[in-house]
Structures are given as structure tokens and as C-alpha cells.
Amino acid sequence: MNDGARDTQQTARENQGFYHDFFRERGPGLLVYSLDRITDQTSEARHVYRDEADGELILCVGLLVRSLLSRAVGMFYLGIGRPKGMPVKVSGSLDDVLAWGKPICERKLAARDE
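This text gives an overview of the structure that appears in the document. (Residues numbered from 1 in each chain as written. Predicted model: local features only at pLDDT ≥ 70, side-chain atom pairs only at ≥ 80, totals over all residues. Heavy atoms only, no water.)

Strand order in the open sheet made by the three strands is β2-β4-β5, with parallel pairing throughout. With one partner strand each, in any of the chains shown, β2 (29–34) and β5 (88–91) form the two edges of the open sheet. Between one strand axis and the next, the sheet turns through 20° on average, direction left out of account. Here β2 pairs with strand β4 (residues 58–64) via six bridges, running parallel. Along β4, the bridge assignment pairs L31 with V61. Lying over the sheet, helix α3 (residues 68–81) contacts β4 and β5, oriented at roughly 160° with respect to β5. (Pairing = 2+ DSSP bridges. Helix = DSSP H or I, 4+ residues; strand = E, 2+ residues; numbered from the N terminus. Axes fitted to C-alpha atoms, helices over the stretch in contact; angles between N-to-C directions. Contact = heavy atoms within 4.5 Å.)

Written out as C-alpha cells, the structure reads:
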């Protein structure tokens, strides 16, 4: 997204389609999403992320937030838009998100193999 981006139902569906295609091709995993450029997110966009995320492909979500506004968007997402049964972490650090998500993905993938 560009600076000052508004996340709408349409952009959320485009993003979701990209993520799903990516994980279908490469295998399930951690989705890392930067909220730094989002200035507004509609309720319809939050519904797309909450209701249409494929938990078989996206095992957990790390939201990168590096500004007060992106942190506010991330915290609002946690309160209202979190996909059911999908772990979500909000952090300003990519290393933190990766360290958090790796064992979750490993555990979920191992459980599938049992």
C-alpha cells in the first residue's frame, strides 16, 4: 500500500487473495503484515480479514507497527477483527514477530502430520 493508504473491502479482498495464493504455492505459514502505511481501515475490510482468512494456509499473523497510528490500527484489529482461532501478535519488531510465529507454525504443522 502507499503512504496514506485506506484499506477497504476491495483492497482487503485483493490482499487476502494474494496471501492465500502465496501460501497455497509455498505451504502454510506465518503472515507478516506491516500496518505502517495504513491511515484508515473500514469495518468491511476488518470483516474480510476476520471472516475470510484461511486458517489452513495462514497459521498465525504478525502485525508490524512502527508508528502510533499503525499501533492503534493494530490494537483495534486485535479487539474487533481478529480471525477466530488464529493467533495474532502486534509488534514493532520483525525479529520479535518471527521468533513468536516460528514455534506456532512448527507446532501446528507437526499436529497435522500426526
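That was the structure; now back to the text.
Core analysis: the largest hydrophobic core is formed by 21 residues, its most contacted members being Y19, Y33, L35, Y49, I58, V61 and L63. When contributions to this core are tallied by element, the ones reaching two or more residues are α1 (9–26), β2, α2 (43–51), β4, α3 and β5. Excluding residues that lie within four positions of it along the chain, L35 makes contacts with L63, L64, V65, S70, V73 and G74. One finds L59, V97, I104 and C105 within the second-largest nonpolar core, a separate group that totals seven residues. (Core = buried A, V, L, I, M, F, W, Y, C linked by side-chain atoms within 4.5 Å. Buried < 20%, exposed > 50% of the residue type's maximum accessible area, 1.4 Å probe, protein only.)

Turning our attention to the pairing of β4. For β4, a buried count of seven out of seven residues is recorded, marking the element as mostly surrounded by other parts of the structure. Sheet topology places β4 next to β5; four bridges connect them, and they run parallel. The residue of β5 that forms the bridge with V61 is V88. At this point the chain moves from β4, through α3, to the parallel β5, and the crossover so formed is right-handed. (Right-handed = clockwise from strand over helix to strand, strands pointing away.)

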